[in-house]
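Listed below are the residues making up each chain.
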Amino acid sequence: METSIWQCFSIHCLLITKVSSILSHEFQLRTTHTSLESILVYENKSSSLECSVLCANKNNNESKKECIAYRFETEYKRCQLFGSGGDKADSLDVTAYRCINVWHPWSEWSACTVTCGGGKRRRSRQCETDPNNGCLTVPCKEQSEDEGDCHKFSCNPIAHTCTEWKTRGLTVNAWAEIDPDGEENGTFNPEIVFCDMTSHDGIGVTVIGHDQENRQMVKGFEDTISYKVVPNYNVTYQQMITVIDISAQCEQYIKWECHNALIHFREKTYTAWFKRDGGAASYFDGGNPDFIGCACAVTKTCQVPSSLCNCDLQTPDAWYKDEGNLTYKDHLPITAFGAGDTGLPDEVGYHTLGKLRCWGSV
């Protein structure tokens, strides 16, 4: 009968075979020394093979102790074993097995420590142990950590938008400082925004958030636009308007989910969003400010084809929604959202206002 364990050293690890009978052809070990329990063949720092054994006295169950062993004869694969007193104990024929350990792929690079001016980024990898041949703790060669330079482009002058940062060399998503009106003007202070460097073919999208992005319920407001919420953006209004004006394209997502909470009813507008000039707008279709209606009316996909919006319908136990990206720059950003027709027990609505996103240059 045979059992095996594995032993690891600082460089390599090899199979230890407990001896109680003639062993398998995979690891040949022959000895008549009854006190010998196991043998290990390992490779040391000088790349020469050495032997080590663990001895035990089976008769009196003494504690295990190291036996001195050396002279690995390559031609005969033989270890000359010596007891702790220096007396020769036995000779063993062995077959040595080396561990085969490999690295996992490198992780993604970490964010650069700076947006510009030269920083550091890091990545790591893990050693894959060989489950078939043991080696559960032996390290792989080379390093598990790596560091590289990043964002070596100049910080000055501060970019006007994230699209400009892209032309400078910023290629990964990052929070970055922008100065939309330019340092040469000096009218407004720079702002911190999120630069989305992956969407829209990696052009560099300036993303400006606000405090009303979560889905919010509207209930108990019956009159037209009697409910109103004003988003507070995380940059100044003047710098946000400048970002919109100097960008080639902008968009802002909006959604109204309704249960008998109408947008239009009998030539009245109950639900609307407010433009940069403070005027109310009820189009949800994208870039057509002259159209009073929602995206489904443009695409002819409303629940009732003659409707301007899905949320112009009153159907018991039915939920509808109207949503889309507002893209007409002169009306952006959304400065407020208003709703009504939610005063009766079966009337309720939910609104979602997305971030302002701008890209490209005019």
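Residues numbered from 1 in each chain as written. Predicted model: local features only at pLDDT ≥ 70, side-chain atom pairs only at ≥ 80, totals over all residues. Heavy atoms only, no water.

### A short note on the environment of S226
Move 1: Within the secondary structure layout, S226 lies in the loop between β15 (216-218) and β16 (227-229).
Move 2: Leave out the neighbours within four places in its chain, and S226 touches F221, A339 and G340.
Move 3: Within the structure, the side chain of S226 is placed 2.9 Å from the backbone oxygen of D223, a separation counted as a polar contact. (Helix = DSSP H or I, 4+ residues; strand = E, 2+ residues; numbered from the N terminus. Contact = heavy atoms within 4.5 Å. Polar contact = N/O pair within 3.5 Å; in protein donor to acceptor, adjacent residues only side chain to side chain.)

### Re the state of the cysteines
One covalent bond between the sulfur atoms of two cysteine residues makes up a disulfide.
Move 1: Counted according to the given criterion, the structure contains seven disulfides.
Move 2: Each disulfide pairs two cysteine sulfurs, and for C162 the partner residue is C195, the sulfurs being separated by 2.0 Å. Sign of the S-S torsion, about -75° for the bond between C162 and C195, identifies this disulfide as left-handed. Separated by 33 residues along the polypeptide, C162 in helix α1 (residues 162-168) and C195 in strand β13 (residues 191-196) bring together distant segments of the chain. Assigned by exposure class, C162 and C195 land together as buried.
Move 3: Each sulfur of the disulfide joining C250 and C358 lies 2.1 Å from the other. (Disulfide = S-S within 2.5 Å. Buried < 20%, exposed > 50% of the residue type's maximum accessible area, 1.4 Å probe, protein only.)

### Here we look at the nonpolar core
Move 1: One finds W165, C195, I254, W256, W273, F337 and L356 to be the most contacted residues of the largest nonpolar core, which totals 46 residues.
Move 2: Take this core: its biggest share by element is four residues, from strand β17 (residues 249-259). (Core = buried A, V, L, I, M, F, W, Y, C linked by side-chain atoms within 4.5 Å.)

### Digging into helix α2 (residues 237-246)
Given 3.6 residues per helical turn, the α-helix brings residues three or four places apart onto the same face.
Move 1: All buried positions along α2 are accounted for by Q239, M240, I241, T242, V243 and I244.
Move 2: For α2, the elements touching its buried residues are β12 (174-178), β13, β14 (205-208), β17 and β24 (348-359).

### Some thoughts on the pattern of salt bridges
Move 1: Applying the stated criterion to the full structure yields 11 salt bridges.
Move 2: Among the salt bridges present, the one from R168 reaches E164, with a minimum N-O distance of 3.3 Å. Here E164 and R168 lie together in helix α1, a separation of four residues that amounts to about one turn.
Move 3: A salt bridge links K321 to E323; the nearest nitrogen and oxygen atoms lie 3.4 Å apart.
Move 4: Each of D196, E251 and R357 takes part in salt bridges that share partners, so that together they form one network. (Salt bridge = Lys/Arg side-chain N within 4 Å of Asp/Glu carboxyl O.)

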